[in-house]
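Spelled out from the first residue to the last, the chains are:
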Amino acid sequence: MLPTNVSTGTVAGRFLIASGDGVDDGLDPDGGPASGRVLFTPAVPYLQNPDAADGPVTVLPEPVIGLLDKDGYLCTPMPRRPGRAGERGVRLIATDDVDMLTTDWTWTATFDLSVGKNRIPAASFHLPADATVDLTTVVSIPTNKGYGLPQAEAAAGVAKTAAVDAAQSAADAEAAAVQTVTTGAVVGDDLVLTKYNGETVVAGNVRGQQGEPGPNTVPTQDAVAGYIETPGNPVNTALSATTASAIKAADKRVSSAQAMGQTQQANTGKMIIGVFPEAVIAVNQYGLSQNENTQLNPLNWVAKNLPADAQTDIASMGHVSMVKFQGIYYMQIMRTDGLPMIVRASPKAGTAQFEWSAPLLIGEAGSNIISTALACDDQYIYWGDYGDTVAGPSVYRSINGAHWDRVLGPGGFTGRHVHAIEVDPYNPGHVWMTTGDANSAGYVYYSTDYGLTWQKPAFGANQAWQAVQISFDEDWIYFASDSTVHLVVYKIDRETHTPRWHGKNSHRYMPVPGGLPSRRITDLTTTQGSNKITSATANFTALDVGTRIRTEGQDIVPIDTYIQSVQDATTAFVYSSKAATLTTTTGRAVIGGEHWGVMPYYGAIDPVNGVYYFVAFNGSSGGNVNGLFAVLPDGSVILLDFLPAYPDARVYVSNDRGRVFVYGFWRPLLVM
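Residues numbered from 1 in each chain as written. Predicted model: local features only at pLDDT ≥ 70, side-chain atom pairs only at ≥ 80, totals over all residues. Heavy atoms only, no water.

Chemist: I'd like a description of the overall build of the protein, backed by residues and values.
Modeler: Helix and strand counts for the protein come out as 4 helices and 51 strands. When burial is assessed residue by residue, the protein has 46% of its 672 residues classed as buried. In the form shown here, the protein has an accessible surface area of approximately 31,700 Å², with 54% of it arising from carbon and sulfur atoms. (Helix = DSSP H or I, 4+ residues; strand = E, 2+ residues; numbered from the N terminus. Buried < 20%, exposed > 50% of the residue type's maximum accessible area, 1.4 Å probe, protein only. Areas by Shrake-Rupley, 256 points an atom, 1.4 Å probe, with all protein chains shown as cover.)

Chemist: Explain the sheet that holds strand β24 (residues 321–325) residue by residue, including any values.
Modeler: Pairing is antiparallel across the open sheet formed by 4 strands, whose spatial order is β24-β25-β26-β27. Every interior strand has two partners, whereas the edge strands, β24 and β27 (361–362), have only one. As paired elements, β24 and strand β25 (residues 328–334) share 5 bridges and run antiparallel to each other. Within β25, the residue paired with Ser321 across the bridge is Gln332. (Pairing = 2+ DSSP bridges.)

Chemist: Residue-level account of unusual backbone geometry, with values.
Modeler: Cis geometry is found at the peptide bond from Gly409 to Pro410, where omega equals -15°. With respect to the helices and strands, the residue Pro410 is situated in the loop between β31 (405–408) and β32 (417–423). For Asp130, which is not glycine, the phi dihedral falls at a positive 60°. Residue position: Asp130 is located in the loop between β12 (123–125) and β13 (132–134). In this structure Asp130 comes out as exposed when scored by relative accessible area, which is 70%. The phi dihedral of Tyr663 falls on the positive side, at around 55°, and the residue is not glycine. Positionally, Tyr663 belongs in the loop between β50 (659–662) and β51 (665–668).

Chemist: Describe the pattern of salt bridges, and please don't skip the residues or the numbers.
Modeler: A complete count under the given rule lists 11 salt bridges for this structure. Asp69 serves as the salt-bridge partner of Arg88, at 3.0 Å between the closest nitrogen and oxygen. Here Asp69 lies in the loop between β7 (64–68) and β8 (74–78) and Arg88 lies in strand β9 (residues 81–88), a separation of 19 residues in the sequence. Between Asp641 and Arg667 there is a salt bridge; the shortest N-O distance is 3.3 Å. Of the two residues, Asp641 sits in strand β48 (residues 637–642) while Arg667 sits in strand β51, which places them 26 residues apart along the sequence. A residue is classified by how much of its surface remains accessible, and Arg667, at 4% relative accessible area, is buried. (Salt bridge = Lys/Arg side-chain N within 4 Å of Asp/Glu carboxyl O.)

Chemist: Talk me through the environment of Gly627; I want residue IDs and the actual numbers.
Modeler: Of note, Gly627 is situated in strand β47 (residues 627–631). For the pair Gly627 and Phe642, spaced 15 residues apart in sequence, the C-alpha to C-alpha distance is 4.4 Å. With residues up to four places along the chain from it excluded, the contact list for Gly627 reads Trp596, Phe614, Val615, Ala616, Asp641, Phe642 and Leu643. (Contact = heavy atoms within 4.5 Å.)

Chemist: Give me the packing of aromatic side chains: which residues, what numbers.
Modeler: Enumeration according to the criterion identifies 21 aromatic pairs in this entry. Measuring from ring centre to ring centre gives 6.1 Å for Trp432 and Phe479, while their planes differ by 70°; the resulting arrangement is edge-to-face. Of this pair, Trp432 sits in strand β33 (residues 431–436) while Phe479 is found in strand β36 (residues 476–481), placing the two residues 47 residues apart along the sequence. Residue Phe479 is classed as buried on the basis of its relative accessible area of 0%. Three or more aromatic residues joined by ring pairs form one cluster here, namely Trp432, Tyr446, Phe479, Tyr490 and Trp501. Lys456 extends its terminal NZ or CZ atom over the ring of Tyr443, reaching a point 3.8 Å from the ring centre. If you follow Lys491 out to its NZ or CZ, it ends over the ring of Trp476, 4.3 Å from the centre. (Phe/Tyr/Trp six-rings, centres within 6.5 Å; stacked < 30°, edge-to-face > 60°. Lys NZ or Arg CZ within 6 Å of the ring centre and 35° of its normal.)

Chemist: Would you mind going over the sheet that holds strand β30 (residues 395–398) in detail, with residue names and values included?
Modeler: Pairing in this open sheet of 4 strands is antiparallel, and the strands run β28-β29-β30-β31 from one edge to the other. Of all strands in the sheet, those with a lone pairing partner are β28 (374–376) and β31, marking the two edges. The sheet shows a mean angle of 30° between the axes of neighbouring strands, taken without regard to direction. Pairing analysis gives 3 bridges linking β30 to β31, with the strands arranged antiparallel. By the bridge assignment for β31, Arg397 is matched with Asp405. (Axes fitted to C-alpha atoms, helices over the stretch in contact; angles between N-to-C directions.)

Listed below in structure tokens is the structure:
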């Protein structure tokens with residue numbers, strides 16, 4: 001809830017499409033409602049409210065979406081049906097709220113309608129408290145082929161003559177002419193009309209469209225003369241020392257940047273493994289941490305203990321996960337002997353330490369776990385091990401947490417691994433599971449009897465539908481894609497289980513803000529165990545030191561690798577700890593550049609407003625920049641923030657806390 005002294009206003013509008021005459025009576029053009037959405041973006045990142053009833057507060061306004069209903073009216077999306085129009089009008093924070101330290105700011109409306117996304121240009125406007133602003137009054141007047149200066153001058157002359165001729169007396173003429181336009185003139189970019197009584201009115205902007213650029217009159221050699229040391233040739237052009245230094249200094253590597261915007265990060269490498277009403281729990285190589293502060297104040301993390309035989313290396317942290325079943329915490333974690341286990345402990349507030357049980361369930365030799373494979377409802381707790389390398393995975397359930405039954409496997413799986421298990425909160429007894437991995441079919445399984453028996457829906461017989469994390473809203477079941485060649489997330493309806501892509505586009509093709517250029521080579525030579533790399537066509541230079549190199553198809557050079565030094569144009573060295581894993585003379589690689597991580601294994605839907613959150617991080621198929629993204633209810637994919645760490649962990653959406661969590665990061669949920 002916002003403070004009671006926050007003022008709001010209402011934005012209204014209606015949009016109709018005019019088309020040619022149809023089959024109705026008469027010859028007049030036909031009309032009908034437009035469809036689509038309007039996105040409202042605040043011009044200020046935050047608003048300070050020092051006089052709120054519960055104490056000073058900083059309000060962080062998020063973009064807000066309005067939808068058009070069947071009659072073309074702007075509406076607020078329905079709370080539990082975010083893709084459907086609800087009440088007419090959209091309420092936004094007022095831009096003149098005197099209780100805020102910032103006033104006189106604006107909202108910007110961006111129109112994405114069925115007649116074209118950019119047909120109506122974006123419009124900025126003020127929204128007074130308790131007032132209603134109609135979008136028809138704030139969008140700009142079309143100026144291309146519109147009412148320009150010649151027409152205005154002609155109209156002014158006609159209007160003046162008509163006013164005089166129509167007057168029956170001097171008094172009548174004077175009265176009639178008071179509001180009549182007499183002259184028009186262009187002042188700057190505006191058309192200014194002057195009335196008979198001397199009053200001036202700005203009728204609109206008359207600047208035309210930008211013309212095509214003219215020819216370049218500066219020869220290329222002259223243009224670059226100050227920036228090169230020798231002209232060289234298309235392959236070897238030598239930059240001057242001054243220019244090279246300037247480029248290197250400005251070479252901002254966004255892949256190593258800190259998180260931006262409203263995303264926050266826990267300290268000392270903490271990874272969030274459980275989000276509960278009473279606390280958020282995280283893990284790092286030093287142990288567990290618990291934060292009971294509703295705002296997740298960094299000073300409120302309290303150290304907690306791990307089970308005595310739990311692994312504490314950083315590599316195993318991504319496998320840890322916790323759920324709360326029948327009031328007790330259950331945790332999956334790797335043991336020091338390399339086997340996965342399930343343990344439990346009662347919640348403990350403050351500095352009181354957990355009293356962990358002995359292992360309740362231990363996975364098979366050679367098995368593993370993934371953070372999305374532990375789930376529970378009010379009847380059972382479920383766990384799927386990642387899969388024995390020989391026998392395959394198994395799925396277990398328990399009615400009391402102490403005794404576990406194997407309900408599926410080993411064997412009987414088409415997929416090689418269990419990727420995720422999740423319960424459907426809208427259908428008691430329904431449990432869903434994703435499986436798969438390279439060169440195996442990415443099947444989905446589901447159960448309608450609390451995991452006792454399992455079946456496959458009609459889809460999912462190939463890697464196109466391979467997925468990891470599962471989430472739900474009232475209408476759909478969502479699957480975070482484990483495919484590099486398709487879109488981010490797909491969803492199915494509960495009745496027919498028909499899969500469809502949820503997003504309109506993929507994050508993989510979105511530009512990285514501030515990203516660096518890259519170049520591709522196809523003749524990379526490596527020797528297993530060596531950090532030396534060679535290529536006859538790479539043309540290594542000193543500018544490559546510190547840049548990333550990513551191999552394609554296989555991790556010939558491990559991911560997240562930088563060039564450490566350059567010997568000459570054909571020879572370079574990567575960091576010694578990133579020695580080549582294979583010997584090859586035809587390796588393909590990309591040097592430099594910034595690309596979003598391909599794999600969106602983890603994502604979750606906000607069931608309240610229909611926003612889907614997912615992360616993209618490095619994978620052997622390419623990508624070196626981590627990000628937190630959102631799929632809006634209309635399918636648009638937007639970037640929320642860079643993430644400076646490898647977010648290989650499940651996404652939590654907490655409506656109670658109003659935040660989305662992943663790995664060691666969290667940020668406020670979007671408000672639609």
